[in-house]
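Below are the chains, spelled out letter by letter.
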Amino acid sequence: MEGQSNSKVTTNVNNSEENVDFTKASSVVIKWTFDFMFLSLCRCFKEDKFDEFNETLSTFEAISLNPSLKGKPYYEKTMICAFLSRVMHGKQLDIQFEDDGIMPLVSAAKIWSKLECTVEDKSLFKDIVKLLIVQSVGVCLEKGQTSSASTALKWFKNNYEFSQNLGVKLSKIVADMETYHPFLMSVSFSRLRETVQTYLDLYLKKNPSDYLLKVQEMTSFLPRLTLLIKCVDQFDSRPSLPLSGGQEVSVYKEDMILNFFIEVLFVPLGAILSLHLIHV
């Protein structure tokens, strides 16, 4: 009976350890997947893949609800994706992201104000604010919705501080319904997307989110390592070269070792150390 009791205790302990390990592993995988989906959304935005962006966004939204994704980095990336989504749908005035019925670019501006802490270059932040203001008006005029353009401009005047000159210029453009005014053409929607992409590039440089890609890169060297091991038995039958001190080394072995260190170890080593330091 005592032996059976000890066995049960041991089994319970092992099961408990397995559950703890699985929980930790699951949490890490979820975080990596979150980052991978975030990176995928950034890529879709850059390449202007509208349908793929929407599909990826649905998956990202589901993952972002996981309770293990707590903290500033995950909040920032979630808000960035919400911002990108509104910019991607910026010309679709019938789509509403909020209950108050404001258009996508106005909603994007509200989120952008919450992301100011993620922008080191304050001039870049202000540039995107200006582009959002101008294009919120410009898109409405392009769609022939003058009243919506007036409403958008009024909203920005009530909620943002921007130069009087800009306000006067946009008010006149709206009043005259100048859809293709040179100012709107220069501060264009494509320029808005390009400037947002500049922000994304800077953010990803400071906050890399490519851990799963690095893992994939690391696993790619395993077949070559297996091949190297299989070739070990052949080393002695290859031609040899004399070294100092009377030592000899197989030419084939020398080549294989050199290639192994260059192609197999050095490239993945940086990724391994990066992942280890981040998730230790």
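Quick summary incoming for the structure in this document. (Residues numbered from 1 in each chain as written. Predicted model: local features only at pLDDT ≥ 70, side-chain atom pairs only at ≥ 80, totals over all residues. Heavy atoms only, no water.)

On to the overall build of the protein chain, then. A count of helices and strands for the protein chain gives 12 helices and two strands. With 280 residues in all, the protein chain has 38% of them scored as buried. Relative to all contacts within the protein chain whose residues are 6 or more apart in sequence, the contacts with residues 24 or more apart total 66%. (Helix = DSSP H or I, 4+ residues; strand = E, 2+ residues; numbered from the N terminus. Buried < 20%, exposed > 50% of the residue type's maximum accessible area, 1.4 Å probe, protein only. Contact = heavy atoms within 4.5 Å.)

In this structure the tally under the stated criterion is 10 salt bridges. In this structure, the salt-bridge partner of Lys-77 is Asp-35, at a minimum N-O distance of 2.7 Å. Of the two residues, Lys-77 sits in helix α3 (residues 72-88) while Asp-35 sits in helix α1 (residues 2-46), which places them 42 residues apart along the sequence. The same class applies to Lys-77 and to Asp-35, which are both buried. With its nearest N and O atoms 2.6 Å apart, the salt bridge here joins Arg-43 to Glu-52. (Salt bridge = Lys/Arg side-chain N within 4 Å of Asp/Glu carboxyl O.)

Next up on the list: α3. Here α3 spans 24 Å end to end across 17 residues, near enough to the 24 Å set by a 1.5 Å rise per residue. Of all 17 residues in α3, 13 are buried; the element is thus mostly enclosed. (Expected span 1.5 Å × (residues − 1).)

As a further point, take the packing of helix α6 (residues 146-159) against helix α7 (residues 164-176). The interhelical angle for the contact between α6 and α7, taken along N-to-C directions, is 165 degrees, at an axis separation of 10 Å. Taken together, α6 and α7 sit at an angle that is classed as roughly antiparallel. Considering the relative orientation of α6 and α7, their crossing is left-handed. In this structure, α6 contributes Thr-146, Ala-149, Ser-150, Leu-153 and Lys-157 to the contact, and α7 contributes Gly-167, Leu-170, Ser-171 and Val-174. Split into classes, the residues belonging to the contact of α6 with α7 amount to four nonpolar, four polar and one charged. (Axes fitted to C-alpha atoms, helices over the stretch in contact; angles between N-to-C directions. Parallel < 35°, antiparallel > 145°, perpendicular 65-115°, else oblique. Left-handed = near helix turned anticlockwise from the far one by under 90°. Nonpolar A, V, L, I, M, F, W, Y, C, P; charged D, E, K, R; others polar.)

Glancing now at the nonpolar core. Ranked by size, the top nonpolar core spans 65 residues in total, and within it Phe-83, Trp-112 and Tyr-199 carry the most contacts. The residues touching Trp-112, leaving out its near neighbours within four places in the chain, are Phe-83, Val-119, Phe-125, Ile-128, Val-129, Leu-132 and Tyr-199. (Core = buried A, V, L, I, M, F, W, Y, C linked by side-chain atoms within 4.5 Å.)

Residues spaced three or four apart along an α-helix face the same direction, because each turn holds 3.6 residues. The end-to-end C-alpha distance of helix α5 (residues 122-142) is 30 Å, a good match for the 30 Å that 21 residues give at a rise of 1.5 Å each. Across the 21 residues of α5, 15 count as buried, placing the element largely inside the fold. One or two positions beyond α5, positive phi appears at Gly-144, with a value near 75 degrees.

Once that is clear, we can look at the environment of Leu-141. Structurally, Leu-141 can be placed in helix α5. Residue Leu-141 is classed as buried on the basis of its relative accessible area of 4%. Residues Leu-141 and Met-177, 36 residues apart in the sequence, show an inter-C-alpha distance of 6.7 Å. Apart from residues lying up to four places away in sequence, Leu-141 is in contact with Thr-146, Ala-149, Ile-173, Val-174, Met-177, Glu-178, Thr-179 and Leu-184.

Once that is clear, we can look at unusual backbone geometry. What is expected of a backbone is that most residues other than glycine have negative phi and most peptide bonds are trans. Phi is positive for Asp-48, which is not a glycine, with a value near 55 degrees. Along the chain, Asp-48 falls in the loop between α1 and α2 (50-64). In the Ramachandran plot, Met-177 falls in the positive-phi region, its phi being about 50 degrees despite a non-glycine side chain. Within the fold, Met-177 resides in the loop between α7 and α8 (182-186). Taking the relative accessible area as the measure of exposure, Met-177 reaches 52% and is therefore exposed.

Interhelical geometry of α5 versus helix α9 (residues 189-206) gives an angle of 150 degrees and a closest axis separation of 9 Å. The orientation of α5 with respect to α9, classified from their angle, is roughly antiparallel. In this structure, α5 meets α9 at a crossing whose hand is left-handed. Across from Leu-124, Asp-127, Ile-128, Leu-131, Leu-132, Gln-135 and Val-139 in α5, the residues of α9 making contact are Phe-189, Arg-191, Leu-192, Thr-195, Val-196, Tyr-199 and Leu-202. Looking at the contact of α5 with α9 residue by residue, the class counts come to 10 nonpolar, two polar and two charged.

A covalent bond between the sulfur atoms of two cysteines is what we call a disulfide. Tallied over the full model, the rule gives zero disulfides. Not engaged in a disulfide, the cysteine Cys-81 finds its nearest cysteine sulfur in Cys-42; these two sulfurs lie 6.0 Å apart. Classification of Cys-81 as buried rests on a relative accessible area of 1%. (Disulfide = S-S within 2.5 Å.)

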